[in-house]
There are 2 protein chains.
Amino acid sequence: MDERAALALLEGELHPAGDDAAVVDGLVVTTDMLHERTDFPSGTTRYTAGWRSVGASLSDVAAMGASATAAVAAYAAPEFREEELLAFVRGARDVCKGVDGEYVGGDLDGHDEFTVATTAIGRTDDPVPRSGARPGDAVCVTGTLGRSAAALELFRRGAREDDPDARERANELFRFEPRIAAGRALAPHATAMMDSSDGLARSLHQLAEASDCGFAVDAADVPIDDAVRSVSESEAEALERATTFGEDFELVATLPEAELEAVREAVDVPLSRVGTVVESDDGITVDDEALADRGYTHGED
Amino acid sequence: MDERAALALLEGELHPAGDDAAVVDGLVVTTDMLHERTDFPSGTTRYTAGWRSVGASLSDVAAMGASATAAVAAYAAPEFREEELLAFVRGARDVCKGVDGEYVGGDLDGHDEFTVATTAIGRTDDPVPRSGARPGDAVCVTGTLGRSAAALELFRRGAREDDPDARERANELFRFEPRIAAGRALAPHATAMMDSSDGLARSLHQLAEASDCGFAVDAADVPIDDAVRSVSESEAEALERATTFGEDFELVATLPEAELEAVREAVDVPLSRVGTVVESDDGITVDDEALADRGYTHGED
């Protein structure tokens, strides 16, 4: 079984199924585990690892439209080096500070491979599900897509050519701002929301399944990050990476078209309308061509 | 650096230092990571692993005197087998149910070694610290000590002699009841509290450091579990295991002697008074002999 099949199996056992985070008693709770081999390319600093791993959980809190309360991390490594540990904690703390959450520490553990498990907690009385998208709604994306795809390319270049500038730029691209403020601003309007951590293509497929709808996307409106353009041979390659690579932690939200302008003003980051919600029979298309359900599945690594 | 040195290093960086769980905004948050090699002996069922790993985090919530709200677990394994996953989730859910908490799922992740990271969240307006013990207070322990030491011995026997009964008994011993209710009942009276996950000896040393006190313990009053007696050659060996092996997840609390009887009636499990808080200059003794700071340190595995 890969991760998706296993998650599907557990849907009958777990509560609640499908959304980016669980909601219990006004609290939003979400957890993730990241590993050196699959999640932290060679050249990733511990500061970036702390930022990114805690940020990934905060992104799930953002996707529910919740505020960020606190985050913890369990840090496992073959050995504990002072400068690495302190850098990790600083990264974790800085990403929390940026979203008015508090990093409250965690656990340390000896382990063969550098592994981090993070949990973030948020609050909302009105969580945004994945299931409310309605035909006619606008579908929007915060920020830009493709930063992590570009970072991976730059980490590879950094390692191949021993290029410290490429590594530094890659680390910067890897440290994303979790969209907590944008999620709060979107929440009163959004009919469905999730993050783009598995890629825009997979996010749209998941929203379509939860909401029983389809999507018509315009390729020209997908906010492709300049960084991924600069490491791609063509615009088509950049679009492909921006759409399917994932790991970008932007928000993908649907909302009534009439509210789009008001939301754009309320959100603190660029909000791109990439298409429209359509009937499920019309499927998921980009420029009228079917968009495959491809993206990042951890179990396949 | 071993785990304790690393934790000491982080005390300056993290907030709050030392207690079993962080407290933020009325919430108690704690996280742990467990690995097959160091935490789940051969013969541990996935049901037991789910129970125990989530229980370990709930125990930290109990140690703060908090109620249990929710728990999550990130489950990483080389492959996802249906029956294993479902058993794990059932164990996680059952341990939560027993303490009126809710298991709300988690993350799945491919990884070489079976690894679980759990986070538990509780609520309290009045967390019990480690730092309030005063000379003259009684020091008490819930339940019995040595269950996990006995379980480990039985897991070994189960593997060596292919003895399913030993394995079954070991699994039972491994599934402890987190002391949430006892912690709630102790909280209004306790001057200091923590769990015994690193062993009674280490717990006393940690309480002594946080409270700047000593302890005088009577060996005859240590509640040694019958299971650890039955796998030990002598009473002295059973006492040694009950005192230093750890992983038992009982509560160690100090409280005014005058309140002892009232607390005993309020607590839903046996509460043994094992000794008295003394001045720090008097050290930590068992029957007047110095008790070494020995116990379970994950980093040493």
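Looking at an unreviewed UniProt entry, one finds chain A named Thiamine-monophosphate kinase, with Natronococcus jeotgali DSM 18795 as its source organism. Recorded under Pathway (unreviewed entry), the UniProt text for chain A is reproduced unchanged: "Cofactor biosynthesis; thiamine diphosphate biosynthesis; thiamine diphosphate from thiamine phosphate: step 1/1." Heading Catalytic activity (unreviewed entry) of the UniProt record for chain A holds this comment: "thiamine phosphate + ATP = thiamine diphosphate + ADP".

(A) The arrangement of the overall build of chain A in detail. The number of helices and strands found in chain A is eleven helices and twelve strands. A compact globule built from 301 residues should have a C-alpha radius of gyration of about 19 Å, and chain A, at 18 Å, falls within 12% of that. In terms of principal-axis extent, the alpha carbons of chain A reach across some 55 × 50 × 40 Å. Buried residues in chain A amount to 59% of all 301 residues. Once local pairs closer than 6 in sequence are excluded, the contacts in chain A between residues at least 24 apart make up 85%. Working note: accessible area of chain A is about 11300 Å², and carbon and sulfur atoms make up 43% of it. Counting 26 positive and 62 negative side-chain charges, chain A places the averaged centre of each group 6 Å from the other.

(B) Inspection of the sheet that holds strand S2 (residues 27-35) of chain B at higher detail. Residues and elements named next belong to chain B. The five strands are arranged S1-S2-S5-S3-S4 in an open sheet whose pairing can be described as mixed. Each edge of the open sheet is held by one strand with a lone partner, namely strand S1 (22-24) and strand S4 (102-110). For this sheet the average axis-to-axis angle between neighbouring strands, irrespective of direction, equals 20°. Helix H3 (residues 46-63) rests against S2, strand S3 (67-77), S4 and strand S5 (115-123) of the sheet, and its axis sits at about 40° to S5. Packing of helix H4 (residues 82-97) onto the sheet brings it into contact with S3, S4 and S5, and relative to S4 it is tilted by some 150°.

(C) Spatial organisation of the side chain of Thr119(B). For Thr119(B), the position within the fold is in strand S5. The class of Thr119(B) is buried, set by a relative accessible area of 1%. Leaving out residues up to four positions away in the same chain, Thr119(B) has contacts with Val72(A), Thr119(A), Val29(B), Thr30(B), Thr31(B), Ser57(B), Ala70(B), Ala71(B) and Val72(B).

(D) Representation of the state of the cysteines within the structure. This model, assessed by the stated rule, comprises zero disulfides over all chains. Not engaged in a disulfide, the cysteine Cys213(A) finds its nearest cysteine sulfur in Cys140(A); these two sulfurs lie 14 Å apart.

(E) Inspection of the UniProt feature "binding site: Mg(2+) 1" (unreviewed entry) in chain A at higher detail. According to UniProt, the "binding site: Mg(2+) 1" (unreviewed entry) feature falls on Thr31(A), Asp32(A) and Asp107(A). Taking the farthest pair of C-alpha atoms as the criterion, the annotated set spanning 77 residues converges on one region, since that pair is 14.5 Å apart. With respect to the helices and strands, Thr31(A) occurs in strand S2 (residues 27-35). Only 2.9 Å separates the side chain of Thr31(A) from the backbone oxygen of Thr118(A), close enough to count as a polar contact. You can call Asp107(A) buried: its relative accessible area is 14%. Ignoring anything within four residues of it in the chain, the contact list for Asp107(A) reads Ala73(A), Ala74(A), Tyr75(A), Glu3(B), Thr31(B), Asp32(B) and Met33(B).

(F) Molecular detail of the relation of the copies chain A and chain B. With an axial shift of 0.0 Å and an RMSD of 0.0 Å, the rotation relating chain A to chain B amounts to 180°. As the rotation angle and translation indicate, the two copies are arranged about a two-fold axis. Every residue of chain A has its C-alpha some distance from the rotation axis, and the shortest such distance is that of Ala117(A), at 3.1 Å. A shared binding surface is used by both copies, with 100% of the interface residues of chain A retained as interface residues in chain B.

(G) Representation of the interface of chain A and chain B within the structure. Each partner contributes residues to the interface: chain A has 54 residues there, and chain B has 54 residues. Between chain A and chain B lies a buried interface of about 4700 Å² when both sides are counted; carbon and sulfur atoms form 65% of it. Applying the counting rule to chain A against chain B returns four salt bridges. In this structure, Asp112(A) and Arg37(B) form a salt bridge, with 3.0 Å as the shortest nitrogen-oxygen distance. One can count 14 residue pairs in polar contact (both at pLDDT 80 or more) joining chain A with chain B. Looking at the side of chain A that touches chain B, the elements with two or more residues in it are helix H1 (3-11), strand S1 (22-24), S2, strand S3 (67-77), helix H4 (82-97), strand S4 (102-110) and strand S5 (115-123) of chain A.

(H) Molecular detail of the UniProt feature "domain: PurM-like C-terminal" (unreviewed entry) in chain A. Per the UniProt record, "domain: PurM-like C-terminal" (unreviewed entry) is found at residues 134-284 of chain A. Between the C-alpha atoms that bound residues 134-284 of chain A the distance is 14 Å, and the span itself is 44% helix and 19% strand.

(I) Quick look at the packing of helix H5 (residues 147-160) of chain A against helix H6 (residues 164-174) of chain A. Residues and elements named next belong to chain A. Packing of H5 against H6 leaves a shortest axis separation of 8 Å and a crossing angle of 155°. As far as their axial angle goes, H6 and H5 are roughly antiparallel. The interaxial crossing formed by H5 with H6 has left-handed handedness. Between H5 and H6, the contacting residues are Arg147, Ser148, Ala150, Ala151, Leu154, Phe155, Arg157, Gly158 and Ala159 on the first element and Ala166, Arg167, Arg169, Ala170, Asn171, Glu172, Leu173 and Phe174 on the second. Of the residues contributing to the contact of H5 with H6, the split by class is nine nonpolar, three polar and five charged.

(J) View of the domain arrangement of chain A. Residues and elements named next belong to chain A. As assigned here, chain A comprises domain 1 (20-123) and domain 2 (138-300). Between the C-alpha centres of domain 1 and domain 2 the distance comes to 21 Å. Every contact between the two is made by 28 residues of domain 1 and, on the other side, 23 residues of domain 2. Overall, the association of domain 1 and domain 2 removes approximately 2100 Å² of surface from exposure, summing both partners, and the carbon and sulfur fraction of that is 59%. Here domain 1 is connected to domain 2 by one salt bridge.

(K) Molecular detail of unusual backbone geometry. In this structure, Asp287(A) is a non-glycine residue whose phi angle is positive, near 50°. Under the relative-accessibility criterion, Asp287(A) is labelled partly exposed at 45%.

(L) Local environment of helix H6 (residues 164-174) of chain B. All names here are of chain B. All of the buried residues along H6 are Ala166, Ala170, Asn171, Leu173 and Phe174. Take H6 and look down its axis: the buried residues cluster within an arc of 160°, on one side only. When the buried face of H6 is taken as reference, the exposed residues oriented beyond 90 degrees from it are Pro164 and Asp165. Considering only its buried residues, H6 is in contact with helix H2 (36-39), H3, helix H5 (147-160) and helix H9 (226-230). A side-chain oxygen of the first residue of H6 lies 2.9 Å from the backbone nitrogen of Asp165; this N-cap is Asp163.

Basis of the calculations
Residues numbered from 1 in each chain as written. Chains lettered and ligands numbered in written order. Predicted model: local features only at pLDDT ≥ 70, side-chain atom pairs only at ≥ 80, totals over all residues. Heavy atoms only, no water. UniProt positions renumbered as here; feature names shortened; annotations may be inferred. Helix = DSSP H or I, 4+ residues; strand = E, 2+ residues; numbered from the N terminus. Rg over C-alpha atoms; globule rule 2.2 N^0.38 Å. Buried < 20%, exposed > 50% of the residue type's maximum accessible area, 1.4 Å probe, protein only. Contact = heavy atoms within 4.5 Å. Areas by Shrake-Rupley, 256 points an atom, 1.4 Å probe, with all protein chains shown as cover. Lys, Arg positive; Asp, Glu negative; His and termini not counted. Charge placed at Lys NZ, Arg CZ, Asp CG, Glu CD. Pairing = 2+ DSSP bridges. Axes fitted to C-alpha atoms, helices over the stretch in contact; angles between N-to-C directions. Disulfide = S-S within 2.5 Å. Polar contact = N/O pair within 3.5 Å; in protein donor to acceptor, adjacent residues only side chain to side chain. Least-squares fit on C-alpha atoms with pLDDT ≥ 70 in both. Buried area = accessible area lost by both parts, 1.4 Å probe. Salt bridge = Lys/Arg side-chain N within 4 Å of Asp/Glu carboxyl O. Parallel < 35°, antiparallel > 145°, perpendicular 65-115°, else oblique. Left-handed = near helix turned anticlockwise from the far one by under 90°. Nonpolar A, V, L, I, M, F, W, Y, C, P; charged D, E, K, R; others polar. Domains from an automatic or database assignment. Arc of directions from axis to C-beta.

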